[in-house]
Amino acid sequence: MDKYEKRVLYTGIVLMAIFLGAILYSSKVMGDDLPECLPGDALAYDKGEVTQLDEKTYQIKYIAKMWAFEPRVVEIPRGAEVDIFLTSKDVVHGFLIENTTVNMMAVYGALNKITYRFDKPGTYRIVCHEYCGVGHQDMAGVIIVK
Ligand SMILES: [Cu+2]
């Protein structure tokens, strides 16, 4: 093996170890909640809704469908910690909340979950970032943090 090939190979192995270490550090030490994928063979729920669990804890069950998110508008107080559940009624959709780290895929038959705390007040747009059909550009929602 050529010495340059060996360098590239070792560099790749070192970078993979660094990236894996960064993911584990983020998850275990910093407590970041990595998205989970809970498999299922049907819709976990058939209606999008917001539930207030206590003063600062909310649960939002989102359904992505051609071509909207349900619920479309959600209002929560500043500092709310939100468990966001996401599933799809039909095809694969994207789910990105702008200016946050929330970025998931909505897949029929699967339930995704992430927890996020909204510390800054404002209007957070939700967009579909996976081309899902002719009405894709109309897929939007909003979370208003007061
Ligand atoms: Cu889309």
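To keep things clear, this report deals only with the structure shown in the data block. No experiment lies behind these values; they were computed from the predicted model shown.

Another aspect to go through is the overall build of the chain. Along its length, the chain carries one helix and 11 strands. Written out in order from the N terminus, the α and β elements of the chain read α-β-β-β-β-β-β-β-β-β-β-β. Relative to the globule expectation of 15 Å for 146 residues, the C-alpha radius of gyration of the chain, 19 Å, shows a markedly less compact shape. Based on the C-alpha atoms only, the size of the chain along its principal axes is roughly 60 × 35 × 30 Å. For the chain, buried positions account for 18% of its 146 residues. For the chain, contacts bridging at least 24 residues in sequence account for 62% of all contacts bridging at least 6.

Let's shift gears to the sheet that holds strand β7 (residues 93-97). Strand pairing in a sheet is mediated by backbone hydrogen bonds. Such pairs are either parallel or antiparallel. With respect to topology, five strands assemble into an open sheet ordered β5-β11-β10-β7-β8, the strand pairing being mixed. In this open sheet, the two strands that pair with only one neighbour each are β5 (73-76) and β8 (103-106). The mean inter-strand angle of the sheet, taken between neighbouring strand axes irrespective of direction, is 20 degrees. As defined by bridge partners, β7 adjoins β8 across four bridges and the pair is classed as antiparallel. Bridging across to β8, Gly 94 finds its partner in Met 105.

Tyr 62, Ala 64, Ile 84, Leu 86, Phe 95 and Met 104 are the most contacted members of the largest nonpolar core, which totals 21 residues. For this core, the elements supplying multiple residues, two or more each, are β3 (57-65), β6 (80-88), β7, β8 and β9 (110-118). Look past the residues within four positions of Ile 84 in its chain and what remains in contact with it is Ile 60, Tyr 62, Val 102, Lys 113, Ile 114 and Tyr 116.

Criteria and cut-off values
Residues numbered from 1 in each chain as written. Predicted model: local features only at pLDDT ≥ 70, side-chain atom pairs only at ≥ 80, totals over all residues. Helix = DSSP H or I, 4+ residues; strand = E, 2+ residues; numbered from the N terminus. Rg over C-alpha atoms; globule rule 2.2 N^0.38 Å. Buried ≥ 20, exposed ≤ 12 C-beta atoms within 10 Å, placed from the backbone. Contact = placed C-beta atoms within 7 Å. Pairing = 2+ DSSP bridges. Axes fitted to C-alpha atoms, helices over the stretch in contact; angles between N-to-C directions. Core = buried A, V, L, I, M, F, W, Y, C linked by C-beta atoms within 7 Å.

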